[in-house]
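# Understanding the architecture of this molecule
Here's the letter readout for the chains.
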Amino acid sequence: MARRSPSGNPSTATHRENTRRTPLGSVRRAQQITTYGVGSLIAIGDQSYIVSSLDTWGVRDDDVIYEPRLQQRLGVNSFRLPPAAQAPTGTGVKVRRFPETYACPDCHALKHFRNFGGRRTDNTCGDCNVPLTPSRFVVACPHGHLDEFPYWRWLHSRRGEERRSHHPCDPGKADLKLRSEGRTASLRGIVIECGCGESASLEGAFSRDAMAALGIACRGGRPWLGREAREDNCSSSLRVLQRGASAAWFPTVASALSIPPWHNKLIQLVERKQRHLVGKSVDRIREFAEDEGWLDKGRYTTEEIVKAVRTMEDAAQEGSEDSEEITGFEASSALRQEEYRQLCTVTEELPENEHFVCVEPEAEEASDTTIPGVGRTMLVKRLREVRALQSFTRIEPLMPTEAGRHRAVGLAGSDEIDWLPAVEVIGEGVFLGLDQEKLVAWEALSGTDTPAARAETLRHNHEHRLRERAEDGVPVHSPVTPRFVLLHTLAHALINEWSLDCGYPASSLRERLYVDENMAGVLLYTATSDSAGSLGGIVAQGEPNRLAQSLRSALERISWCSADPLCMESDSSGVNGLNRAACHACILLPETSCEMNNTFLDRALLVGTPDEKVIGFFS
């Protein structure tokens with residue numbers, strides 16, 4: 001029965017309720033991890049919103065994802081798929097209007113959205129009846145706070161103390177207007193006017209110290225938690241950003257592969273029912289398994305189920321990852337070390353191995369299958385990756401320093417939220433491990449023009465960047481090594497080659513690096529859950545004949561770049577000088593495919609330099 005309105009008309013109440021519940025728009029689940037997560041800005045039609053915290057999400061109990069290794073590292077009990085509610089329920093991910101400052105393109109009025117005289121959901125000016133435009137500018141600080149651009153303060157803080165006392169202006173009653181003069185495309189052409197007679201352009205608003213120079217400090221705004229959810233005593237300086245700028249939101253995404261013993265069906269059954277099993281006696285476990293039908297003929301034994309439960313209990317007692325690992329490269333983390341060991345081990349294709357099958361390629365009798373420098377190749381015929389949104393930052397992406405770790409912003413306003421949003425990708429891949437003996441000899445080359453010397457330049461630039469972000473006196477250390485740069489660049493070269501050779505778009509493939517003093521490997525795998533990730537051809541690229549051919553072709557392709565000699569001879573390139581011989585014409589990938597945002601690349605470490613002063617690993 002429809003709820004009646006005060007006037008007694010039930011249809012009016014029904015219309016009002018449906019209007020309130022109609023979804024504003026939709027995005028894919030994967031985008032809610034990488035693009036439109038908590039705290040990010042999203043444009044829906046001609047309006048702007050910010051994605052609300054996890055406390056408001058309409059998640060369902062059957063959308064739970066378990067990945068014990070990743071849960072342990074991130075300190076959560078489970079993961080949840082982002083809501084995918086069907087219209088017109090409107091019970092999915094909640095958003096809040098932000099920024100709330102709008103402008104009318106006809107009368108040029110600049111004020112709060114609700115002061116334009118239209119209905120709550122009507123994006124039109126009450127006087128001009130034309131669509132409103134949300135503010136193009138916002139302010140943010142490095143600690144994740146976000147706020148409206150302070151138009152009134154930007155205009156009036158420029159006046160001297162004497163002028164302010166003789167011509168007072170109340171910010172609550174000020175009649176602001178925003179005009180675009182159109183004479184120039186720069187900020188000089190955008191002018192703010194006030195009814196008190198003051199006017200000024202936005203020229204210089206994007207400079208690093210623009211807000212501090214006017215005495216405008218951060219107010220600790222957290223609009224994804226609510227209009228009044230502010231943090232006090234933030235000492236960070238504000239930066240002006242365009243509303244759609246990439247610097248307004250940087251996600252921190254953590255991922256893990258489902259590997260033995262967490263990959264089989266029994267463990268997954270135990271995971272879903274762990275609150276009934278973990279910490280219980282053998283008799284209680286047997287009783288529960290009987291009730292669930294797990295002990296039926298041809299399924300599992302009591303011993304197998306108890307072993308699976310105890311495995312989960314042992315994992316829970318190991319604790320979460322320490323800070324040193326969090327501030328290092330992901331390629332050398334404890335998670336990667338476990339995965340590396342499994343990728344070097346055969347896991348046969350059995351019915352129980354639902355999410356991980358890793359086998360050696362069959363030997364082929366051919367003369368061109370020798371792959372110098374590659375010590376091991378494994379075909380990962382089946383894999384499952386869980387990717388979780390852990391936190392986010394603003395202004396700068398998360399840096400591997402202790403100070404950078406404190407800048408990370410959580411996704412929930414309540415401590416009761418013990419889960420994170422995540423998606424799972426089911427795919428396949430090829431694992432390559434380098435010849436350790438040849439690698440050690442290559443790393444030991446001495447002289448002024450060596451792989452170590454080229455990598456040292458990147459390490460120095462990286463440490464300089466880390467030092468800028470660290471607190472005064474805190475030592476920093478870059479984990480960049482010749483081995484890391486070599487493997488990273490090799491992964492890029494092969495992904496580019498395979499995208500041309502076997503029809504995969506480069507954005508549907510992804511690298512996963514395994515690098516430390518005892519590891520030197522890379523997994524190339526399908527990285528998308530849509531149709532491009534299930535073509536079935538990626539494993540075929542790991543067969544000896546094809547791999548040898550594609551590797552030779554990739555090395556030949558990157559030995560010359562259309563930007564050479566500038567590209568090859570560059571001392572530093574890319575963001576913050578964290579690349580050497582690498583550009584969009586030769587080695588860079590779509591950023592969804594690269595773990596390191598297209599940094600720490602140098603193709604000279606693979607093929608050497610044309611003058612042969614630097615010897616590449618595959619020279």
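Residues numbered from 1 in each chain as written. Predicted model: local features only at pLDDT ≥ 70, side-chain atom pairs only at ≥ 80, totals over all residues. Heavy atoms only, no water.

### Focus on the packing of aromatic side chains
Counted by the stated rule, this structure contains 16 aromatic pairs. Summarising the aromatic geometry, the rings of Trp-249 and Phe-392 are spaced 6.3 Å apart at their centres and angled 35 degrees between planes, so their arrangement reads as tilted. Separated by 143 residues along the polypeptide, Trp-249 in the loop between β14 (239-242) and β15 (250-257) and Phe-392 in strand β17 (residues 374-393) bring together distant segments of the chain. Phe-392 carries the same exposure label as Trp-249, and that label is buried. Taking 5.8 Å as the distance between ring centres and 75 degrees as the angle between the ring planes, the aromatic pair formed by Tyr-340 and Phe-431 counts as edge-to-face. With Tyr-340 in helix α12 (residues 334-343) and Phe-431 in strand β18 (residues 419-434), this pair connects stretches of sequence that are 91 residues apart. (Phe/Tyr/Trp six-rings, centres within 6.5 Å; stacked < 30°, edge-to-face > 60°. Helix = DSSP H or I, 4+ residues; strand = E, 2+ residues; numbered from the N terminus. Buried < 20%, exposed > 50% of the residue type's maximum accessible area, 1.4 Å probe, protein only.)

### Some points on the pairing of β18
Regular strands show a simple pattern: their side chains alternate between the two faces of the sheet. With 14 of 16 residues buried, β18 lies mostly within the body of the structure. Alignment of strand β4 (residues 78-80) against β18, held across 3 bridges, turns out to be parallel. Following the sheet pairing, Arg-80 is matched in β18 by Pro-421. Pairing of β17 with β18, which is carried by 12 bridges, proceeds in the antiparallel orientation. Bridging from a neighbouring strand, Thr-377 pairs with Leu-432 of β18. Where β18 and strand β20 (residues 519-526) come together, 5 bridges link them in antiparallel fashion. (Pairing = 2+ DSSP bridges.)

### Re the packing of helix α16 (residues 482-501) against helix α17 (residues 544-558)
Angle between the axes and distance between the axes are the two parameters that describe a pair of packed helices. Direction vectors running N to C along α16 and α17 enclose 110 degrees, while the axes themselves pass 9 Å from each other. Here α16 lies roughly perpendicular to α17, going by the angle between them. Contacts between α16 and α17 pair Leu-490, Ala-493, Leu-494, Glu-497, Trp-498 and Leu-500 from the former with Leu-547, Ser-550, Leu-551, Ser-553, Ala-554, Arg-557 and Ile-558 from the latter. (Axes fitted to C-alpha atoms, helices over the stretch in contact; angles between N-to-C directions. Parallel < 35°, antiparallel > 145°, perpendicular 65-115°, else oblique. Contact = heavy atoms within 4.5 Å.)

### Considerations on the environment of Glu-569
The topology assignment puts Glu-569 in helix α18 (residues 566-569). By relative accessible area, Glu-569 is classed as exposed at 58%.

### Some points on the confidence of the model for the protein chain
When pLDDT is averaged along the protein chain, the result is 84; 86% of the residues meet or exceed 70. Confidence drops under a pLDDT of 50 for residues 1-19, and excluding neighbours within four residues, the segment shows 11 contacts in the predicted structure. Residue range residues 320-327 is modelled with pLDDT below 50. Its contacts to residues more than four positions away, or to other chains, number 15 contacts. (pLDDT = per-residue confidence, 0-100.)

### Looking at a negative patch on the surface
Residues Glu-287, Glu-290, Asp-291 and Glu-292 make up a contiguous surface patch of negative charge. Mapped onto the fold, Glu-290 is located in helix α9 (residues 282-292). (Patch = residues over 30% accessible without salt bridge, like charges linked within 9 Å, V, L, I, M, F, W, Y side chains within 5 Å. Areas by Shrake-Rupley, 256 points an atom, 1.4 Å probe, with all protein chains shown as cover. Salt bridge = Lys/Arg side-chain N within 4 Å of Asp/Glu carboxyl O. Lys, Arg positive; Asp, Glu negative; His and termini not counted. Charge placed at Lys NZ, Arg CZ, Asp CG, Glu CD.)

### Considering the pairing of strand β9 (residues 137-140)
Taking every second residue as pointing to the same face, both faces of β9 are buried, with Phe-137 and Val-139 on one and Val-138 and Ala-140 on the other. Two elements, β9 and β14, share 4 bridges in a ladder whose sense is antiparallel. Residue pairing across strands places Val-139 opposite Val-240, the latter belonging to β14. Pairing geometry for β9 and strand β10 (residues 146-148), over 3 bridges, is antiparallel. If you follow Ala-140 over to β10, its bridge partner there is Leu-146. Here β9 folds back onto β10 in antiparallel fashion, the turn holding 5 residues, of which Gly-144 has a positive phi close to 90 degrees.

### Observations regarding the sheet that holds strand β13 (residues 199-201)
Spatial ordering of the open sheet is given by β11-β12-β13, a layout of 3 strands whose pairing is antiparallel. Pairing within the sheet leaves two strands with one partner each, and these edge strands are β11 (176-180) and β13. On average, each strand axis in the sheet is tilted by 20 degrees relative to the strand beside it, whichever way the strands run. Sheet topology note: the β11/strand β12 (residues 190-194) ladder contains 5 bridges and is antiparallel. Bridge assignment links Leu-178 to a residue of β12, and that residue is Ile-192.

### Re the pattern of salt bridges
Enumeration according to the criterion identifies 30 salt bridges in this entry. Arg-69 serves as the salt-bridge partner of Glu-339, at 3.4 Å between the closest nitrogen and oxygen. In this pair, Glu-339 is assigned in helix α12 and Arg-69 in helix α3 (residues 68-74), connecting sequence segments 270 residues apart. In terms of burial, Glu-339 and Arg-69 fall into one category: buried. Of the charged contacts, one joins Asp-571 and Arg-580 as a salt bridge, the two residues approaching to 3.1 Å between their closest N and O atoms. Taken together, the shared-partner salt bridges in this structure form one network comprising Arg-69, Glu-338, Glu-339, Glu-385, Arg-387 and Arg-512.

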